[in-house]
Amino acid sequence: MELRQLSYFVAVAEELHFGRAAERLHIVQSAVSQQIQRLERELGAELFDRSPRRVRITGAGERLLPEARAVLAAAERARAAVAAPAGLRIGTSTGLGAHLDRVLDAFARRAPDVPVELFSLPAAMGVPPLERSREWGSLARVAGGRLDAAFVRAVEPVPGVRVRPLWPDPLVAALPATHPLAGRAEIGVEELAGLPLALTERRTNPALVDLVVGACREAGFEPLPGPSPGSLQDTLASIGTLPHSRLRSSGGTPMLWTVVYASHARVLHSPRVAFVPFRAPGLALATGLAVPAAAPSPHLAALLLACDDHEG
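In short, a report on the structure. (Residues numbered from 1 in each chain as written. Predicted model: local features only at pLDDT ≥ 70, side-chain atom pairs only at ≥ 80, totals over all residues. Heavy atoms only, no water.)

Here's the deal with the overall build of the chain
The helix and strand tally for the chain stands at 10 helices and 11 strands. When each of the 312 residues of the chain is scored for burial, the buried share is 40%. Pairs at least 24 apart in sequence give 71% of the contacts found in the chain among residues at least 6 apart. (Helix = DSSP H or I, 4+ residues; strand = E, 2+ residues; numbered from the N terminus. Buried < 20%, exposed > 50% of the residue type's maximum accessible area, 1.4 Å probe, protein only. Contact = heavy atoms within 4.5 Å.)

Written out as structure tokens, the structure reads:
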């Protein structure tokens with residue numbers, strides 16, 4: 001029995017399709033079929049029921065699957081144990097702003113010779129079967145050992161990952177600089193009821209969307225949908241370019257608003273856009289550091305201490 005045979009078996013068991021498994025493994029389909037057949041002969045059991053239309057895993061295959069995954073995970077840990085310690089691979093979230101800079105500065109003081117590689121990825125775990133060869137979210141990468149840690153916001157716990165709370169990230173309203181509310185020290189959510197809200201799609205950031213839309217509903221209104229957002233830079237450009245005369249114009253496009261993390265707003269330079277805090281209790285998402293539940297990176301302790309330095 002070879003590790004590659006177990007790897008091919010796991011890929012077919014997860015895809016339930018030899019062609020998709022071969023694409024995921026970046027090999028030809030015939031090689032996958034041949035190695036699975038060799039594994040079945042060695043084990044003396046059929047692992048899949050094959051038909052022209054579909055592939056099903058057998059009872060023997062279902063019993064083998066968790067064992068095969070465990071063997072492959074053990075092999076990966078063995079490779080990591082003898083490999084030279086690498087740098088630190090960290091997943092980042094949008095809008096960390098100065099928080100990230102201060103943590104990285106503190107880490108550099110504690111581990112000056114350790115390189116840091118940053119990856120900007122969504123936190124979502126869900127990956128449809130046909131898309132499993134695409135980039136995983138940051139939580140899945142931490143669970144699978146492809147990231148040493150990741151900064152995440154308001155995520156559900158997942159197997160193999162624990163999230164250490166760090167700091168709350170307040171949100172501010174982004175408004176046209178010409179809007180009457182732009183000069184205020186703070187505003188209530190209810191004061192934005194008449195303006196369309198340009199917000200990312202829920203599937204890309206469910207915690208953020210649920211927080212903002214929920215706050216609007218608690219304030220007594222359903223937010224007016226704004227135009228389909230692109231990048232934050234595009235959204236802020238749209239907010240800043242709509243003229244003041246259109247605010248109450250029945251024929252023109254009304255002004256827009258969106259939300260930005262306060263830590264990010266402090267480093268943005270957009271004279272046509274005003275960033276106004278929300279009145280207490282405000283809106284905020286909790287930021288945490290997702291780390292493996294077991295077998296952490298040798299440099300992870302220094303990163304956690306750097307986070308403590310930042311909070312202090």
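Topic: the pairing of strand β4 (residues 116-120)
Remember that side chains alternate between the two faces of the sheet whenever the strand is regular. Direction of pairing for strand β3 (residues 88-92) relative to β4: parallel, over a ladder of 5 bridges. Bridge pairing in β4 links I90 to L118. Regarding the hand of the β-α-β motif, the stretch spanning β3, helix α5 (residues 98-110) and β4 is right-handed. (Pairing = 2+ DSSP bridges. Right-handed = clockwise from strand over helix to strand, strands pointing away.)

Notes on the side chain of H264
Tracing the backbone shows H264 in helix α9 (residues 262-265). Given a relative accessible area of 18%, H264 falls into the buried group. If we ignore the near neighbours within four places in the chain, the residues touching H264 are G95 and L232.

Notes on the nonpolar core
Counting 28 residues, the largest nonpolar core has L175, I187, L192, V212, W257, V259 and F278 as its most contacted members. Every element with two or more residues in this core is listed here: β6 (161-176), α7 (206-218), β9 (258-261) and β10 (273-277). Counting residues per element, this core draws most heavily on α7, at 7 residues. A149, W167, L303 and L304 belong to the second-largest nonpolar core, a separate cluster that totals 21 residues. (Core = buried A, V, L, I, M, F, W, Y, C linked by side-chain atoms within 4.5 Å.)

Considering the packing of aromatic side chains
Inspection of every chain in the model, using the stated rule, returns 3 aromatic pairs. Relative to F48, the ring of F9 has its centre 5.5 Å away and its plane inclined at 45 degrees; by these criteria the two rings are tilted. Placement of F9 in helix α1 (residues 3-15) and of F48 in strand β1 (residues 48-50) is noted, with a sequence separation of 39 residues between them. You'll find F9 and F48 in the same group, each marked buried. Clustering of aromatic rings is evident, with ring pairs tying together F9, F18 and F48. Above the ring of Y261, the side-chain terminus of R153 is found at 3.6 Å from the ring centroid. (Phe/Tyr/Trp six-rings, centres within 6.5 Å; stacked < 30°, edge-to-face > 60°. Lys NZ or Arg CZ within 6 Å of the ring centre and 35° of its normal.)

Points about the environment of F221
Mapped onto the fold, F221 is located in the loop between α7 and β8 (224-225). Note: C-alpha distance between F221 and G194 (27 residues apart in sequence) is 9.2 Å. If near-sequence neighbours (up to four positions away) are discounted, F221 is found in contact with V189, E190, L192, A193 and C216.

Quick look at helix α8 (residues 232-241)
Every buried residue of α8 is listed here: T235, L236, I239 and G240. Down the axis of α8, the buried set is contained in an arc of 130 degrees. They therefore lie on one face. Summarising the contacts, the buried residues of α8 are in contact with β6, β9 and β10. (Arc of directions from axis to C-beta.)

A look at the pattern of salt bridges
Under the criterion given, the structure shown has 16 salt bridges. For the salt bridge of E15 with R20, the shortest nitrogen-to-oxygen distance reads 3.7 Å. When the shortest N-O distance is used, the salt bridge between E15 and R24 registers 3.2 Å. Note on E15: relative accessible area 5%, which makes it buried. One continuous salt-bridge network, built from bridges that share partners, spans E14, E15, R20, R24 and R69. (Salt bridge = Lys/Arg side-chain N within 4 Å of Asp/Glu carboxyl O.)

Notes on unusual backbone geometry
Residue P281 is reached from A280 by a cis peptide bond, and omega for that bond is 10 degrees. Relative to the assigned elements, P281 resides in the loop between β10 and β11 (284-292). Phi angles above zero are rare outside glycine, and L16 is one such case at about 55 degrees. Examined against the element boundaries, L16 turns out to sit in the loop between α1 and α2 (18-25). Residue H26 is not a glycine yet carries a positive backbone phi of 60 degrees. Given a relative accessible area of 72%, H26 falls into the exposed group.

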